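Here is what each chain is made of, one letter per residue.
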Amino acid sequence: TRLSSPLRWALTGPDNAPAEFDITRLPAIAADSAGALMTFALEGCGVALLPEWLVADALARGTLVRLLPAYRFPAQGVYAVYPDARHVSGKVRGFIDFLRARAAGEP
């Protein structure tokens, strides 16, 4: 894992009050892949911090349950990394533009 120990989760609570949770117990399973964490959670292996877009269907089906619904984690960034900004292929430019539009909430 690339996370520090103890793990500290900084959240925003009710009325936008800052809150922190320190997780001091060592995890039985750890991963840095959202897909792997989702699978672990679906199989009942514990708690996972996952993005809303990934868990929306599982929450709607009731196969996952939201913990701490009054709390929110800070928004995370999405980055496009490519080798040379001067010579971006049309496919890469199109994908970046698509991500940018989706992040802005455009259909």
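Please refer to the structure higher up on the page.
Keep in mind that this is a model prediction, so the values were computed, not measured.

**A closer look at the overall build of the protein**
Then comes step 1: Per the secondary structure count, the protein includes 3 helices and 2 strands.
Then comes step 2: Its helices and strands taken in sequence order, the protein reads β-β-α-α-α from the N to the C terminus.
Then comes step 3: In terms of C-alpha radius of gyration, the protein reaches 17 Å, well past the compact-globule figure of 13 Å for 107 residues.
Then comes step 4: By principal-axis analysis of the C-alpha atoms, the protein measures approximately 45 × 30 × 30 Å.
Then comes step 5: Looking at the protein residue by residue over its 107 residues, the buried ones come to 10%.
Then comes step 6: At a minimum sequence separation of 6, the contacts of the protein that also span at least 24 residues come to 29%.
Then comes step 7: Within the structure as shown, the protein displays about 9,000 Å² of accessible surface, and the carbon and sulfur contribution to it stands at 57%.
Then comes step 8: Of the side-chain charges in the protein, 11 are positive and 10 negative, and the distance between the mean point of each set is 5 Å.

**Side note on a nonpolar patch on the surface**
Then comes step 1: A cluster of nonpolar side chains, namely V47, V65, L67 and L68, defines an oily patch on the protein surface of about 410 Å² accessible area.
Then comes step 2: Relative to the elements of secondary structure, V47 occurs in the loop between α1 (34-42) and α2 (52-61).

**Quick look at the pairing of strand β2 (residues 18-23)**
Then comes step 1: Taken together, the 6 bridges between strand β1 (residues 7-12) and β2 define a ladder with antiparallel strand orientation. Bridge pairing links L11 to A19 in β2.
Then comes step 2: Between β1 and β2, which pair antiparallel and follow one another directly, the connecting turn spans 5 residues, one of which, D15, has a positive phi of 60 degrees.

**Quick word on the pattern of salt bridges**
A side chain with one charge may pair with a side chain of the opposite charge, provided their charged atoms come close.
Then comes step 1: Taken as a whole and judged by the stated rule, the model has 4 salt bridges.
Then comes step 2: Put simply, R66 and E52 hold a salt bridge, and the shortest N to O gap is 3.2 Å. Of this pair, R66 sits in the loop between α2 and α3 (90-103) while E52 sits in helix α2, and the two are 14 residues apart along the sequence.
Then comes step 3: Residues participating in the shared-partner salt-bridge network are R8, E20 and D22.

**Details of the packing of α1 against α2**
Then comes step 1: The interhelical angle for the contact between α1 and α2, taken along N-to-C directions, is 20 degrees, at an axis separation of 11 Å. In terms of their interaxial angle, α1 and α2 are classed as roughly parallel. The hand of the α1/α2 crossing is right-handed. Contacts between α1 and α2 involve A34, M38 and L42 from the first element and L54, V55 and A58 from the second.
Then comes step 2: Among the residues making up the contact of α1 with α2, the classes are represented as 6 nonpolar, no polar and no charged.

Procedures and definitions
- Residues numbered from 1 in each chain as written.
- Predicted model: local features only at pLDDT ≥ 70, side-chain atom pairs only at ≥ 80, totals over all residues.
- Heavy atoms only, no water.
- Helix = DSSP H or I, 4+ residues; strand = E, 2+ residues; numbered from the N terminus.
- Rg over C-alpha atoms; globule rule 2.2 N^0.38 Å.
- Buried < 20%, exposed > 50% of the residue type's maximum accessible area, 1.4 Å probe, protein only.
- Contact = heavy atoms within 4.5 Å.
- Areas by Shrake-Rupley, 256 points an atom, 1.4 Å probe, with all protein chains shown as cover.
- Lys, Arg positive; Asp, Glu negative; His and termini not counted.
- Charge placed at Lys NZ, Arg CZ, Asp CG, Glu CD.
- Patch = residues over 30% accessible without salt bridge, like charges linked within 9 Å, V, L, I, M, F, W, Y side chains within 5 Å.
- Salt bridge = Lys/Arg side-chain N within 4 Å of Asp/Glu carboxyl O.
- Pairing = 2+ DSSP bridges.
- Axes fitted to C-alpha atoms, helices over the stretch in contact; angles between N-to-C directions.
- Parallel < 35°, antiparallel > 145°, perpendicular 65-115°, else oblique.
- Left-handed = near helix turned anticlockwise from the far one by under 90°.
- Nonpolar A, V, L, I, M, F, W, Y, C, P; charged D, E, K, R; others polar.

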